[in-house]
Amino acid sequence: MKLTLIRNQLSSKPIIPIAFFSLLTLAQPVAAHHPFGGTTPSNFWEGFSSGLGHPIVGLDHFAFIVASGLLGTKFKQGFLIPVAFIIATMAGTVIHLQEINLPQPELIIAGSVVLFGGLLIIKNYQFFASYFSTIIVATLAMIGGIFHGYAYGEAIVGAEMTPLFAYLVGFGVIQLLISFAAFLLGNMILQRFKNRADFILQIVGAGISTLGFFFLGGA
């Protein structure tokens, strides 16, 4: 009875960051998000490996990718949300390589993590249907993706065309795999846990938002 009461009390509160404080211990700068410690890739495999590693080494990027995939389960044709994000990251990298400066990229990246984690916390699906649409959330994902991609571009500045192309392919592939896995996981949660699905997604959303606030403080 006591355990049931505690769980019911927790599920009535959408924000539960305490459960994810352990994530913060992992959120340490890792060579400025560069898998090779800031060394510019010089060949195809270095570029590809660097592209694969960047969205994983950077926990802010990883958290946003997971959130975009999970959010896709709440919308019709929701798979467009992570796809829009991935395409935008490539555009953001190109923007960086063109030496076009974007304002406060780290701040906006951290804010995007907070926002998408917060969207996962929302429990009422009718609220989504009334006030949001797939297009709106996909547009938000694209805006965030441009800034995430801009940050990816830092690791490839000065590289030749072959490692540059491989880098784009690498981070495109890994982001697609992560978001697709999150999308499948979200659907599994909704189908298998049903009555507890909202609570589980709220917990994940709270952890993602908490991680975003951590990075927001250091931006």
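This structure is a prediction, so every number in the text was calculated from the model and none was measured. (Residues numbered from 1 in each chain as written. Predicted model: local features only at pLDDT ≥ 70, side-chain atom pairs only at ≥ 80, totals over all residues. Heavy atoms only, no water.)

Student: Describe helix 5 (residues 80-97), and please don't skip the residues or the numbers.
Tutor: An ideal rise of 1.5 Å per residue puts 26 Å on 18 residues; helix 5 measures up with 26 Å between its terminal C-alpha atoms. Burial in helix 5 covers these residues: Ile81, Pro82, Ala84, Phe85, Ile86, Ala88, Thr89, Gly92, Thr93 and His96. Looking at the packing, one finds that the buried side of helix 5 touches helix 4 (59-71), helix 6 (105-121), helix 8 (134-153) and helix 9 (161-192). Positive phi shows up at glutamate 99, right after helix 5, with a value of about 60°. (Helix = DSSP H or I, 4+ residues; strand = E, 2+ residues; numbered from the N terminus. Expected span 1.5 Å × (residues − 1). Buried < 20%, exposed > 50% of the residue type's maximum accessible area, 1.4 Å probe, protein only. Contact = heavy atoms within 4.5 Å.)

Student: Give a description of the packing of aromatic side chains that names residues and reports values.
Tutor: This model, assessed by the stated rule, comprises eight aromatic pairs. Taking 5.8 Å as the distance between ring centres and 90° as the angle between the ring planes, the aromatic pair formed by phenylalanine 214 and phenylalanine 215 counts as edge-to-face. Residue phenylalanine 214 is classed as partly exposed on the basis of its relative accessible area of 35%. Joined through ring pairs, the aromatic side chains of Phe44, Trp45 and Phe48 make up one cluster. (Phe/Tyr/Trp six-rings, centres within 6.5 Å; stacked < 30°, edge-to-face > 60°.)

Student: A description of the confidence of the model for the chain should follow, citing residues and the corresponding values.
Tutor: Within the chain, residue pLDDT values average 83, and 78% of them lie at 70 or more. The low-confidence segment residues 1-32, where pLDDT is below 50, has 29 contacts with residues more than four positions distant or belonging to other chains. (pLDDT = per-residue confidence, 0-100.)

Student: Please give an account of helix 6 that cites residues and values.
Tutor: Taking 1.5 Å per residue as the helical rise, helix 6 with its 17 residues ought to reach 24 Å, and the 24 Å between its terminal C-alpha atoms agrees with that figure. Taken together, the buried positions of helix 6 are occupied by Ile109, Ala110, Ser112, Val113, Val114, Phe116, Gly117, Leu119, Leu120 and Ile121.

Student: Tell me what's going on with the side chain of glutamine 175, and back it up with residues and numbers.
Tutor: Within the secondary structure layout, glutamine 175 lies in helix 9. Polar contacts involving the side chain of glutamine 175 include one to the side chain of tyrosine 152, which spans 2.9 Å. For glutamine 175, the residues in contact, after removing those within four places along its chain, are Pro55, Ile65, Phe85, Ile86, Thr89 and Tyr152. (Polar contact = N/O pair within 3.5 Å; in protein donor to acceptor, adjacent residues only side chain to side chain.)

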